[in-house]
Amino acid sequence: MKRKILALVLSFALVATGIIIGTDSVEAADAKVYTLGKTASGTITKSVYYTLVSYSTDTYTFNVNKNMDVVISFTAKTDGLRWNLSGGSTYTYESHSVSAGMKDTYKMYLTSGSYTFNVTGGGSAYSFVINNSNAYHLKFAKASDNISGGLKKTVAFTYDCSYDYAKQYFTMKNSNNNVAECSYTLNRDGTGYITLDPKKIGKTVVSIGLVGGTIAKYTGNVKSMYVFVAKGQSLKLPKPSGVKKIKWSSKKKKVATVNKKGKVKGKKDGRGKVFAKAGKVKYTYNIVVTDFIKLGKKTYKELKENVRNPEKLKIYNVYSGFDKNIAQGLTIPVVFVDFGYTNSYGAMERGKWIAYYDDVHELKYFYVNSYADLMKRKTIKPAKIK
């Protein structure tokens, strides 16, 4: 005689709280068809223990009406069992082994379509519940921060849906792209981060969310900026966002000066500060002035120490300029050298190096690259750096 089990059957009418209306009694050997996803919440359940006939398979089928996350909770009572789930419009397959007396909880993303849930193994009692996740949460590691213009800023966040759901339904909104550009990265472990690339002084609010879930917000306050200029170069500073009347001043006029229109001029190799005052609020611009002749000589010295037969080193072309340091987002001074050197066979070869420097003009690294991407590129006569 077939054993009867009690199973909840999803009704087409689900209330917003996820309470299911109606139950039914089905034969264990019968096809068990449920509907999941008529609304934003619902449950498939087999809440009473049923003993699987040894080395057989129990099969349950259900339909998903829209793409969603589900949480599968499966308990094996007396012996180890295996469950697997397959189906969907974009075919999905997942399989788990569950030891005796253990509970396995797993979250996964399902596309709309029909699914089969199988239980296989030795003769063991088991129970399972499949819920669709109807509330997703995101949280930033911090709600706000002061950040410096010219330097990229990363802010971590966490999310509690599956990675596949997040890829499909993650949203991001940046309130002020003029202040900072923003991008995001999702990791598979429920973490992620946004990356802000500040462009001018001001404030921006980044909102992230998941369809069917909460919204998390982060406020980035750009209160200062790094600005790199070459000795003798003039550059107009970007005004703070939303500010009209500004009084400009320079703290270290031997290094950099600024006029009433906010145009800064590099006077001497070093670091200085320019202030923009709007009413009682003062904004800071950290000015780094680069003497590229001086930096070119430093590059030539480094190059001689890194080539074979330095006495035969030939310099064909030298260029100076600025490049975007991808790691920090900082526009840093660089020197490009097109040179000739002798290889291990004594033959002359052509080499091309870019020397990257930081904000205090310390060499960060050499890199073989083209000078085509250099911003504000200028030519330096080779004789001036020797």
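For the structure itself, consult the block above.
Predicted model, so just to flag it, every value in this text is computed and none were measured.

Q: Residue-level account of the sheet that holds strand E20 (residues 234-236), with values.
A: Strand order in the open sheet formed by three strands is E20-E23-E22, and the pairing between neighbours is antiparallel. Both outer strands of the open sheet, E20 and strand E22 (256-258), are each paired with one neighbouring strand and no more. Adjacent strand axes in the sheet meet at a mean angle of 25 degrees when their direction is disregarded. Inspection of the sheet shows E20 paired to strand E23 (residues 263-266) by three bridges, in the antiparallel sense. When the sheet's bridge partners are listed, leucine 235 is paired in E23 with valine 264.

Q: So what's going on with the nonpolar core? Residues and values would help.
A: Residues Phe157, Tyr159, Ile194, Ile208, Leu210, Tyr285 and Ile287 are the most contacted members of the largest nonpolar core, which totals 44 residues. Of all the elements, strand E19 (residues 215-230) adds the most residues to this core, at six residues. The next biggest cluster of nonpolar side chains, apart from the first, holds 25 residues, and it includes Leu295, Leu313, Ile315 and Val335.

Q: So, the pairing of strand E18 (residues 202-210): which residues are in play, and what are the values?
A: Within E18, seven of the nine residues are buried, leaving the element largely enclosed by the surrounding structure. Where strand E15 (residues 170-174) lies against E18, five bridges are found, and the strand directions are antiparallel. Residue pairing for E18: methionine 172 is matched across the bridge by isoleucine 208. Pairing of E18 with E19, which is carried by eight bridges, proceeds in the antiparallel orientation. Paired with glycine 202 across the two strands is valine 222, which belongs to E19.

Q: Which residues make up a positive patch on the surface, and what values do they have?
A: Together, Lys247, Lys251, Lys252, Lys254, Lys268, Lys273, Lys277 and Lys282 give the surface a local cluster of positive charge. Residue placement: lysine 247 occurs in strand E21 (residues 247-250). When its relative accessible area of 63% is taken as the criterion, lysine 247 is described as exposed.

Q: So, the pattern of salt bridges: which residues are in play, and what are the values?
A: Any two side chains of opposite charge can pair, so long as their charged atoms come close to each other. In total, this model carries seven salt bridges according to the counting rule given. A salt bridge links aspartate 164 to lysine 167; the shortest N-O distance between them is 3.9 Å. With a gap of three residues between them, aspartate 164 and lysine 167 both fall in helix H1 (residues 163-169), about one helical turn apart. Here lysine 167 falls in the partly exposed class, since its relative accessible area comes to 43%. Here the salt bridges do not stand alone but share partners, grouping Lys142, Asp145 and Lys153 into one network.

Q: Give a description of the side chain of serine 86 that names residues and reports values.
A: Within the element layout of this structure, serine 86 appears in strand E7 (residues 81-87). When sequence neighbours within four positions are dropped, the list of residues in contact with serine 86 reads Tyr91, Thr92, Tyr93, Ser114, Tyr115 and Thr116.

Conventions used here
Residues numbered from 1 in each chain as written. Predicted model: local features only at pLDDT ≥ 70, side-chain atom pairs only at ≥ 80, totals over all residues. Heavy atoms only, no water. Pairing = 2+ DSSP bridges. Helix = DSSP H or I, 4+ residues; strand = E, 2+ residues; numbered from the N terminus. Axes fitted to C-alpha atoms, helices over the stretch in contact; angles between N-to-C directions. Core = buried A, V, L, I, M, F, W, Y, C linked by side-chain atoms within 4.5 Å. Buried < 20%, exposed > 50% of the residue type's maximum accessible area, 1.4 Å probe, protein only. Patch = residues over 30% accessible without salt bridge, like charges linked within 9 Å, V, L, I, M, F, W, Y side chains within 5 Å. Areas by Shrake-Rupley, 256 points an atom, 1.4 Å probe, with all protein chains shown as cover. Salt bridge = Lys/Arg side-chain N within 4 Å of Asp/Glu carboxyl O. Lys, Arg positive; Asp, Glu negative; His and termini not counted. Charge placed at Lys NZ, Arg CZ, Asp CG, Glu CD. Contact = heavy atoms within 4.5 Å.

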